Amino acid sequence: MRILSGMQPTSHLHLGNYLGALRNWVKLQDEPGAECLYCVVDLHAITVPYDAGHLTDATREIAAAYIAGGIDPERSAVFAQSAVPGHSQLMWLLSTMAQLGKLERMTQFKDKAGKNRERAGLGLFAYPVLMAADILIYKATHVPVGEDQKQHLELARDLASTFNTRYGAEHFIQPEPFIQGEGARVMSLRDGSQKMSKSADSDMSRINLTDDADTIAKKIRKAKTDPEPLPAAADELDARPEAKNLVTIYAAMSDRTKADVLAEFAGRPFSEFKPALVDLCVERLAPITSRMNELLGDTAELDRILAKGADRARAIAGPVVRETMDIMGFWKG
């Protein structure tokens, strides 16, 4: 089993990233025989307007969040996507097989391009092909993905199949999705119908992994709720998205089910539930924030970790790119 995943260095990681992805990545390190590669996908980050002067620091911050959240760089490769040139090289090779029709149907492209699709950059349009290259270059067998990325993973599987069929070679592996479990859908603290997002305008809508205890407490106290007390059964939360979100966060942070949480807090108002949620979040997130600050205070050590991870990644990626080019008939200079 070889596992590959990554996050963009576009902003601070938040509680939804931790509960929906990062915490599960940590657990995957313990899968028998698993080899894990976790990259900071900085090439993806430049498909939309970004601050070039901040990109390196943002990459370091995401890497620090990985490690602080429990990724062990001695067991898993932690690296920047751009440090492995093969990602871009394989993307071009795969792009010759990617069909425009399939790329035009990608939901994320439609959402990000909006009404200005004619002005969207090629990078944004071809984003899924680069994601396919990210996966196939390591011959990853499993990819932890949320529901919003399943369409991109399916394209990676299609491109692997297309290549193998076109060249008559069992070269690329068709990766399997590793769908996230409990806590994968953490919603905005301001709107329970919207997923917690790094790009949301209001910082009050999310709990960042860099937030201190006072900031976490303020955000949870001001989180949108309704006037009703907490119910006794989890299905009674379905029509109450904000209440469901806070209970979901509590359950995920305490490694309990929503039913267990409601058994403790049923009938109690949010004026009693929110302080308990504050205490739990601060207790669980404080060590992560502290470790992140420690890592970011020693950029030389963080850069050493990233360089070592890139060496491990290139050792896998290089031969795959060379073999791909050999199969395609390129000159061996």
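Shown above is the structure to which this text applies.
Since the structure is predicted, the reported quantities are computational estimates derived from the model, not experimental observations.

## Description of the packing of aromatic side chains
- With the rule as written, the count across this model stands at nine aromatic pairs.
- Between phenylalanine 79 and tyrosine 138 the ring centres are 6.0 Å apart and the planes differ by 65 degrees, which places this aromatic pair in the edge-to-face class. With a gap of 59 residues between them, phenylalanine 79 in strand β3 (residues 77-80) and tyrosine 138 in the loop between α8 (127-136) and β4 (142-145) connect regions that are remote in the sequence. An identical accessibility class is assigned to phenylalanine 79 and tyrosine 138; each is buried.
- Ring geometry for phenylalanine 270 and phenylalanine 273: centres 6.2 Å apart, planes at 85 degrees, overall edge-to-face. One end of the pair, phenylalanine 270, and the other, phenylalanine 273, are both in helix α13 (residues 270-296), three residues apart, so they sit about a helical turn from each other.
- Ring pairs connect the aromatic residues Tyr250, Phe265, Phe270 and Phe273, which therefore count as one cluster.

## What about the nonpolar core?
- Formed by 58 residues in total, the largest nonpolar core has its most connected members in Leu15, Tyr66, Ile249, Phe273 and Leu285.
- With ten residues, the single largest contributor to this core is α13.
- By size, the runner-up hydrophobic cluster in this structure holds 41 residues, among which are Met97, Leu103, Ala140 and Ala313.

## A look at the pattern of salt bridges
- Counted by the stated rule, this structure contains 22 salt bridges.
- The salt bridge involving aspartate 255 is made with arginine 23; its shortest N-O contact spans 3.2 Å. Of this pair, aspartate 255 sits in the loop between α11 (241-253) and α12 (258-265) while arginine 23 sits in helix α1 (residues 15-28); the two residues are 232 residues apart in sequence, bridging distant segments of the chain.
- Arginine 23 sits in the buried class, given a relative accessible area of 13%.
- Each member of the salt-bridge network shares a partner with another, and the members are Asp203, Arg206, Asp211 and Lys219.

## Focus on helix α10 (residues 213-221)
- Buried residues of α10: Ile216, Ala217, Lys219 and Ile220, and no others. In an axial view of α10, the angular spread of the buried residues amounts to 165 degrees, which keeps them on one side of the axis. Every exposed residue of α10 that faces more than 90 degrees away from the buried side is listed here: Asp214 and Arg221.
- For α10, the elements touching its buried residues are α13.

## Thoughts on the packing of α1 against α11
- Between α1 and α11, the least distance of the axes is 11 Å, while the angle of their chain directions is 45 degrees. One element, α1, and the other, α11, form an angle in the oblique class. The handedness of the crossing between α1 and α11 is left-handed. Touching Leu15, Leu19 and Arg23 of α1 are Ile249, Ala252 and Met253, all from α11.
- Here the residues of the contact of α1 with α11 sort into five nonpolar, no polar and one charged.

## Focus on the pairing of strand β2 (residues 35-40)
- Within β2, five of the six residues are buried, leaving the element largely enclosed by the surrounding structure.
- For strand β1 (residues 2-7) and β2, the ladder comprises six bridges, and the chain directions are parallel. Pairing of isoleucine 3 across the sheet is with cysteine 36, part of β2.
- Assessed by its sense of winding, the connection that carries the chain from β1 through α1 to β2 is right-handed.
- Relative to β3, β2 is paired through four bridges, and the arrangement is parallel. Considered in β3, the bridge of tyrosine 38 is made with valine 78.

## A word on a positive patch on the surface
- Taken together, the side chains of Arg190, Lys218, Arg221, Lys222 and Lys224 present a region of like positive charge at the surface.
- Tracing the backbone through its elements, the reader meets lysine 222 in the loop between α10 and α11.
- For lysine 222, a relative accessible area of 48% translates into the label partly exposed.

Rules used throughout
- Residues numbered from 1 in each chain as written.
- Predicted model: local features only at pLDDT ≥ 70, side-chain atom pairs only at ≥ 80, totals over all residues.
- Heavy atoms only, no water.
- Phe/Tyr/Trp six-rings, centres within 6.5 Å; stacked < 30°, edge-to-face > 60°.
- Helix = DSSP H or I, 4+ residues; strand = E, 2+ residues; numbered from the N terminus.
- Buried < 20%, exposed > 50% of the residue type's maximum accessible area, 1.4 Å probe, protein only.
- Core = buried A, V, L, I, M, F, W, Y, C linked by side-chain atoms within 4.5 Å.
- Salt bridge = Lys/Arg side-chain N within 4 Å of Asp/Glu carboxyl O.
- Arc of directions from axis to C-beta.
- Contact = heavy atoms within 4.5 Å.
- Axes fitted to C-alpha atoms, helices over the stretch in contact; angles between N-to-C directions.
- Parallel < 35°, antiparallel > 145°, perpendicular 65-115°, else oblique.
- Left-handed = near helix turned anticlockwise from the far one by under 90°.
- Nonpolar A, V, L, I, M, F, W, Y, C, P; charged D, E, K, R; others polar.
- Pairing = 2+ DSSP bridges.
- Right-handed = clockwise from strand over helix to strand, strands pointing away.
- Patch = residues over 30% accessible without salt bridge, like charges linked within 9 Å, V, L, I, M, F, W, Y side chains within 5 Å.
- Areas by Shrake-Rupley, 256 points an atom, 1.4 Å probe, with all protein chains shown as cover.
- Lys, Arg positive; Asp, Glu negative; His and termini not counted.
- Charge placed at Lys NZ, Arg CZ, Asp CG, Glu CD.

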